[in-house]
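Here are the chains, one letter per residue:
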Amino acid sequence: MRTGVVTAAGGRIGSAVAERLLAAGVVDEVVAVDVVEPVVPAGAKGFVCDLREASEVDKLAAALPGELTVLVNVLGGERRPHLEPVEDATWPPEAVFDDIFALNLTTAYRVTKALRERFGRGSAICNVSSIAANMPWVVSPAYGAAKAALEHWSTSLAVALAPAGVRVNTVRPGFVWSRQWQDVSRAEFDEVVADRVPLGREQTAEDVADVVAFLCSPAAAHITGQGLDVDGGATLVRRAR
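Residues numbered from 1 in each chain as written. Predicted model: local features only at pLDDT ≥ 70, side-chain atom pairs only at ≥ 80, totals over all residues. Heavy atoms only, no water.

- The name given to the protein chain in an unreviewed UniProt entry is 3-oxoacyl-[acyl-carrier protein] reductase, with the source organism recorded as Amycolatopsis lexingtonensis.

What to know about the side chain of Asn-73
- With respect to the helices, strands and loops of the structure, Asn-73 is situated in strand β4 (residues 68-73).
- Filtering out sequence-adjacent residues up to four positions away, Asn-73 remains in contact with Thr-7, Ala-108, Val-111, Thr-112, Ile-125, Cys-126, Asn-127 and Val-128. (Helix = DSSP H or I, 4+ residues; strand = E, 2+ residues; numbered from the N terminus. Contact = heavy atoms within 4.5 Å.)

Focus: the environment of Phe-47
- Along the chain, the position of Phe-47 falls in strand β3 (residues 44-48).
- For Phe-47, a relative accessible area of 18% gives the class buried.
- Beyond its immediate sequence surroundings of up to four residues, Phe-47 is in contact with Val-31, Ala-32, Val-33, Asp-34, Lys-59, Leu-60 and Ala-63. (Buried < 20%, exposed > 50% of the residue type's maximum accessible area, 1.4 Å probe, protein only.)

Notes on unusual backbone geometry
- Here the amide bond leading from Arg-80 into Pro-81 is cis, since omega sits at -5 degrees, within 30 degrees of zero.
- Positive phi values are uncommon outside glycine, yet Ala-8 reaches one of about 50 degrees.
- Relative to the elements of secondary structure, Ala-8 occurs in the loop between β1 (3-6) and α1 (12-23).

Details of the packing of α1 against helix α7 (residues 205-216)
- At a minimum axis separation of 8 Å, α1 and α7 run at an interaxial angle of 45 degrees. As summarised for this structure, α1 and α7 are arranged oblique, according to the angle between their axes. Between α1 and α7 the crossing geometry is right-handed. Residues Arg-12, Ile-13, Ala-16, Val-17, Arg-20 and Leu-21 of α1 pack against Ala-205, Glu-206, Val-208, Ala-209, Asp-210, Val-212, Ala-213 and Cys-216 of α7. (Axes fitted to C-alpha atoms, helices over the stretch in contact; angles between N-to-C directions. Parallel < 35°, antiparallel > 145°, perpendicular 65-115°, else oblique. Left-handed = near helix turned anticlockwise from the far one by under 90°.)

Here we look at helix α4 (residues 141-161)
- The terminal C-alpha atoms of α4 lie 30 Å apart, and with 21 residues this matches the ideal 30 Å at 1.5 Å per residue to within 8%.
- Taken together, the buried positions of α4 are Ala-142, Tyr-143, Gly-144, Ala-146, Lys-147, Leu-150, Glu-151, Trp-153, Ser-154, Leu-157, Ala-158 and Leu-161. (Expected span 1.5 Å × (residues − 1).)

Observations regarding the packing of aromatic side chains
- In total, this model carries two aromatic pairs according to the counting rule given.
- Between the aromatic rings of Phe-97 and Phe-101, the centroid separation amounts to 5.1 Å while the plane-to-plane angle is 25 degrees, which identifies the pairing as stacked. In this pair, Phe-97 and Phe-101 are both assigned in helix α3 (residues 94-115), four residues apart and thus about one turn of the helix distant.
- What makes Phe-97 partly exposed here is its relative accessible area of 35%.
- Ring geometry for Tyr-109 and Trp-153: centres 6.1 Å apart, planes at 70 degrees, overall edge-to-face. One end of the pair, Tyr-109, is in helix α3; the other, Trp-153, is in helix α4, with 44 residues separating them in the sequence. (Phe/Tyr/Trp six-rings, centres within 6.5 Å; stacked < 30°, edge-to-face > 60°.)

Quick notes on the nonpolar core
- Residues Leu-21, Val-30, Val-72 and Cys-216 are the most contacted members of the largest nonpolar core, which totals 31 residues.
- Breaking this core down by element, the ones donating at least two residues are α1, β2 (29-34), β4, β5 (119-128) and α7.
- Of the residues forming this core, the biggest block, eight residues, is contributed by α7.
- The residues touching Cys-216, leaving out its near neighbours within four places in the chain, are Leu-21, Val-26, Val-70, Val-72, Ala-124, Cys-126 and Arg-167.
- Among the nonpolar cores identified, the runner-up in size contains 25 residues, and Val-33, Leu-64, Leu-150 and Leu-157 belong to it. (Core = buried A, V, L, I, M, F, W, Y, C linked by side-chain atoms within 4.5 Å.)

Remarks on the environment of Ala-162
- Structurally, Ala-162 is set in the loop between α4 and β6 (167-173).
- Ala-162 gets classed as partly exposed once you look at its relative accessible area, which sits at 39%.
- Each C-alpha atom, one on Ala-162 and one on Phe-214, is 18 Å from the other, the two residues being 52 residues apart in sequence.

Looking at the side chain of Ser-217
- Relative to the assigned elements, Ser-217 resides in the loop between α7 and β7 (227-230).
- Excluding residues within four positions of it along the chain, Ser-217 makes contact with Val-26 and Arg-167.

As for the pairing of β4
- A large share of β4 lies buried, amounting to six of its six residues.
- In terms of strand pairing, β1 meets β4 through three bridges, oriented parallel. Residue pairing for β4: Val-5 is matched across the bridge by Leu-71.
- Of the strand pairs in this sheet, β4 and β5 are connected by five bridges, and their pairing is parallel. (Pairing = 2+ DSSP bridges.)

Structure below.
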């Protein structure tokens, strides 16, 4: 039985990833992890835990089978509301800065470390980053920095796990309508997409999931340590928000 684990599976990207891994035949079952009971596709089973807590990661590890095929660390973004009020995005309170790093980097590290012995030759890990990792991101510098750190760690992990035949890659979504964007406005989101996406449309969760499924599949058997942009060409123009 080929088992995949997807974090933040209740969100748009996580849900699409779980569905696509199953539909493409990359895995036979998916453990869909979220802080609340996620709505899951056929072939997936929900698992409720808060991965920001080390004890909850231990609970997840104890419930999973001894062999895993795929891990997709989708969990990220920013806590809403923030732990403390943020008056200046460039200089958020230290508690908020640390929380953003914990959500986007530490949770991926913690989950991967807890499960690392369960991945054998031919298995794959995919970490969901953001185009914010590769350009100034003035709307939330801490978020961009956390995603950049996630990517650096991912490439190092790719080297470390390569002798065991385990591949590690990242995917960088571009402008996907999300809870974070809902805190801004749909009008601004549409304006940004029209102005900064050469292919002329927003990216969907399904666009991202297709690339994740490819990177986790045998079709990508010799691809590791790579980061793929799913952004409609936005990073080609490199106009930072």
